[in-house]
Amino acid sequence: MSGKSAKLKISKVITYILIFLVLVGCLGFVAYFTNGFTGDFKEFYVNVDGKNVLAEAEGYMLAADAPLSANVKYTFGAISKDISGYHLAVLPATDFTFTVDGEEHKFADEKDLSAGFEIIEGEEEFTLTPKGSLMDILQAVYSDTEIVMDKSQISLDKDLFKVVVYSEDKSAKVVIGCRLKDPFMEGVRLDKEVITF
């Protein structure tokens, strides 16, 4: 009888330990996706360079040879394959003035800067590559125009762009702040269509 009683006590202790570990795991899961119980539960997030971004991140450097690559995740995506999809927008994250064919514009008022980036979208991932310097990006947005900007107005200590990733139904979003590695890089521009030797 005492042997059965000891086995029963051991099995109860093991059961209690397992229940405790499951509770701790559930609490940890909820704490992680609520930012330590300080926000709403995040069902949608983005993984950039192995780091999960649940709401906002900043300071990602972009260049033609160093694009932004990210995986779009849903917290319960593994349970239901119906939970998927996303939308992207590239917006200004700072402000300065520039002119387009002599007309003054404010960078912060730009509604969509996507034309200044090469964007490759997959089902659950995307890659975003700038089309060169800040001038090249603006030139891609305002094609066939003359753009003039004052470099001294632009702070290189702040993000220039924010990549906004929306969930499929646009009920949630993640904002990734980005800078250009070489924002004022000058390239060689040829304006002749034919070069003869």
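Residues numbered from 1 in each chain as written. Predicted model: local features only at pLDDT ≥ 70, side-chain atom pairs only at ≥ 80, totals over all residues. Heavy atoms only, no water.

Draft legend 1. Seen up close, the overall build of the protein chain. Helices and strands together make up the secondary structure of the protein chain, namely 2 helices and 12 strands. Order of helices (α) and strands (β) in the protein chain, N terminus to C terminus: α-β-β-β-β-β-β-β-β-β-α-β-β-β. Here the contacts in the protein chain between residues at least 6 apart in sequence split such that 61% fall between residues at least 24 apart. Here the protein chain displays about 13,000 Å² of accessible surface, and carbon together with sulfur accounts for 55% of that area. (Helix = DSSP H or I, 4+ residues; strand = E, 2+ residues; numbered from the N terminus. Contact = heavy atoms within 4.5 Å. Areas by Shrake-Rupley, 256 points an atom, 1.4 Å probe, with all protein chains shown as cover.)

Draft legend 2. Examining the environment of L91 more closely. Of note, L91 is situated in strand β5 (residues 86–92). Here the alpha-carbon distance between L91 and A108, two residues 17 residues apart in the chain, equals 8.2 Å.

Draft legend 3. Here's a closer look at the packing of aromatic side chains. The full count for this structure, using the stated rule, is 7 aromatic pairs. Residues F96 and F98 carry aromatic rings whose centres are separated by 6.0 Å and whose planes lie at 50° to one another, so their mutual orientation is tilted. Put simply, the rings of F96, F98, F107, F117, Y142 and F161 touch in pairs and so form one group of aromatic residues. (Phe/Tyr/Trp six-rings, centres within 6.5 Å; stacked < 30°, edge-to-face > 60°.)

Draft legend 4. Region of interest: the environment of V174. On the secondary structure map, V174 appears in strand β12 (residues 173–180). Taking the relative accessible area as the measure of exposure, V174 reaches 0% and is therefore buried. Through-space distance from the C-alpha of V174 to that of K162 is 9.7 Å; in sequence the pair is 12 residues apart. With residues up to four places along the chain from it excluded, the contact list for V174 reads F44, Y45, V46, V53, L54, A55, V163, V164 and V165. (Buried < 20%, exposed > 50% of the residue type's maximum accessible area, 1.4 Å probe, protein only.)

Draft legend 5. Quick peek at the nonpolar core. Counting 37 residues, the largest nonpolar core has L68, F98, F126, F161, V163, V165 and I176 as its most contacted members. Not counting residues within four places of it along the chain, the set of residues in contact with F98 comprises E103, E104, H105, K106, F107, E110, L138, Y142, I147, V148 and M149. (Core = buried A, V, L, I, M, F, W, Y, C linked by side-chain atoms within 4.5 Å.)

Draft legend 6. Region of the structure containing unusual backbone geometry. Positive phi, normally seen in glycine, also occurs at D101, with a value near 50°. Within the element layout of this structure, D101 appears in the loop between β6 (97–100) and β7 (103–106). Under the relative-accessibility criterion, D101 is labelled exposed at 51%. Backbone geometry at D144 places phi at a positive 55°, although glycine is not the residue there. Looking at the secondary structure, you find D144 in the loop between α2 (134–141) and β10 (147–149).

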